[in-house]
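Structural overview for review
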Amino acid sequence: MHQIFPGARAARRRTWSRVAALAVLALTVAAARSAPAGAAVKAASTHFVFTATSADTSENNAYIDNVATNGQPYDMLYVTPNFDPDGNCGCVYDSNPIGVWYDKTVGEWAVFNENAAIMQPNESFNVLVIPNSDFGHAAFSFYSDPGTTVGDYTFIENSRADGNPYAKVQVTQRLDNAIPTKLNPHPIGVFYDAAAGYWAIFNEDQAPMPDYADFNVLVGTQPRFGGGKVVIARTTKTDSAGDTTYINNSESNNDPDNITFAT
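Cut-offs used in this document
Residues numbered from 1 in each chain as written. Predicted model: local features only at pLDDT ≥ 70, side-chain atom pairs only at ≥ 80, totals over all residues. Heavy atoms only, no water. Helix = DSSP H or I, 4+ residues; strand = E, 2+ residues; numbered from the N terminus. Contact = heavy atoms within 4.5 Å. pLDDT = per-residue confidence, 0-100. Pairing = 2+ DSSP bridges. Buried < 20%, exposed > 50% of the residue type's maximum accessible area, 1.4 Å probe, protein only. Axes fitted to C-alpha atoms, helices over the stretch in contact; angles between N-to-C directions. Salt bridge = Lys/Arg side-chain N within 4 Å of Asp/Glu carboxyl O.

So, the overall build of the protein
When helices and strands are tallied, the protein shows one helix and 19 strands. Considering only contacts in the protein between residues 6 or more positions apart, those separated by 24 or more positions represent 73%.

A few points about the confidence of the model for the protein
Averaged over all residues, the pLDDT of the protein is 82; the fraction at 70 or higher stands at 81%. Note on residues 1-19: pLDDT under 50 across the span, and 32 contacts to partners over four residues away in sequence or across chains.

Considerations on the sheet that holds strand S14 (residues 198-203)
Through backbone hydrogen bonds, the strands of a sheet pair up, either in parallel or in antiparallel fashion. Reading across the sheet, the four strands line up as S10-S11-S14-S13 and stay open at both edges, with antiparallel pairing between neighbours. Looking at strand neighbours, the two that pair on one side only are strand S10 (149-150) and strand S13 (188-193), the edges of this open sheet. With three bridges joining them, strand S11 (residues 153-155) and S14 adopt antiparallel strand pairing. Pairing of Tyr153 across the sheet is with Phe202, part of S14.

Points about the pairing of strand S7 (residues 108-113)
Residues in a regular strand project their side chains so that they alternate between the two faces of the sheet. Most of S7 is tucked away, with six of its six residues classed as buried. Side chains Glu108, Ala110 and Phe112 of S7 all project onto a buried face; the interleaved residues Trp109, Val111 and Asn113 project onto the opposite face, where all are buried too. Note: strand S4 (residues 61-64) against S7, four bridges, orientation antiparallel. Opposite Tyr63, over in S7, you have Ala110 as the bridge partner. Bridging between strand S6 (residues 98-103) and S7 involves six bridges; their strand directions are antiparallel. When the bridges of S7 are listed, Asp103 appears paired with Glu108. Linking S6 back to S7 in an antiparallel pair, the connection comprises four residues, with Gly107 at a positive phi of about 70 degrees.

Notes on the environment of Phe155
Tracing the sequence through the fold places Phe155 in strand S11. For Phe155 and Asp193, which are 38 residues apart along the polypeptide, the C-alpha to C-alpha distance reads 8.8 Å.

Thoughts on the pairing of strand S12 (residues 169-175)
For S12, a buried count of seven out of seven residues is recorded, marking the element as mostly surrounded by other parts of the structure. Burial along S12 is two-sided: the residues Val169, Val171, Gln173 and Leu175 and Gln170, Thr172 and Arg174 are all buried. Relative to S12, S6 is paired through three bridges, and the arrangement is parallel. Paired with Trp101 across the strands is Leu175, a residue of S12. In terms of strand pairing, S12 meets strand S15 (residues 214-219) through six bridges, oriented antiparallel. Bridge pairing in S15 links Thr172 to Asn216.

Re the sheet that holds strand S2 (residues 46-51)
Reading across the sheet, the three strands line up as S2-S8-S5 and stay open at both edges, with antiparallel pairing between neighbours. For this open sheet the edge positions go to S2 and strand S5 (76-82), each flanked by a neighbour on one side alone. Each adjacent strand pair in this sheet contributes to an overall mean axis angle of 25 degrees, direction not counted. Taken together, the seven bridges between S5 and strand S8 (residues 124-130) define a ladder with antiparallel strand orientation. Looking at the pairing, Met76 lines up with Ile130 of S8.

What about the pattern of salt bridges?
Two side chains that carry opposite charge are able to pair once their charged atoms sit near each other. Per the counting criterion, the structure on display carries two salt bridges. Among the ionic pairs, Arg174 bridges to Asp176, the shortest N-O distance being 3.5 Å. Residue classification places Arg174 among the buried positions, given a relative accessible area of 12%. Linking Asp214 and Arg174 is a salt bridge whose minimum nitrogen-to-oxygen distance equals 3.0 Å. Here Asp214 is found in strand S15, whereas its partner Arg174 is found in strand S12, with 40 residues between them in sequence. In terms of burial, Asp214 and Arg174 fall into one category: buried. Connected via shared salt-bridge partners are Arg174, Asp176 and Asp214.

Put into structure tokens, the structure is as follows:
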């Protein structure tokens, strides 16, 4: 693999600005609607809002019953909690670190709380689905190999991101029982290590990153992945209130139906 600099990030922690930033992917609503029941599975990528009912939830899982994902164990999913779909307040918080996994028994993907907290009905998620036939250098799965993991972070190796501090990186945790991979019950973020020349996924609470934690990674976007626009949104005093930061972007402003993903 690549060279690792174990002490590089620890030193920079003391000098980094404490301004938070998000990589935000805003997708248009035109391709966002779920296919009707019984429709043929689409080969193209799709995105939609999923709201869990009591029938969809089981323990720490919310099962996604959608034609784009049912029976598709090799799809790649990216998810972001949505507090008020379409601007209508469902208003159910999920303050837990989330991931996705495929349940072969029921043939459906699920969003789950990595820390085993009970999943509540009416929680909503924005879901981006990329079928395995559409994978490429931009969308890939990745796990924290012992050779690339240091402390609370693990390096990503990808031709679209390596040496590119301006890359826009989206990440969703996943659990792959086939490998098997391990749970990482911590909130995650990404950062670029200029000394190493690689992007990394890290635990925001600085907990050690376990070996073989699994992630879906998307670098930028492409038209076949739903198009849209990827931007970096930085929090400021003027656009933040309490636990909220507002994303002021023409791609999503005045559009409650917009489907937005954030890492």
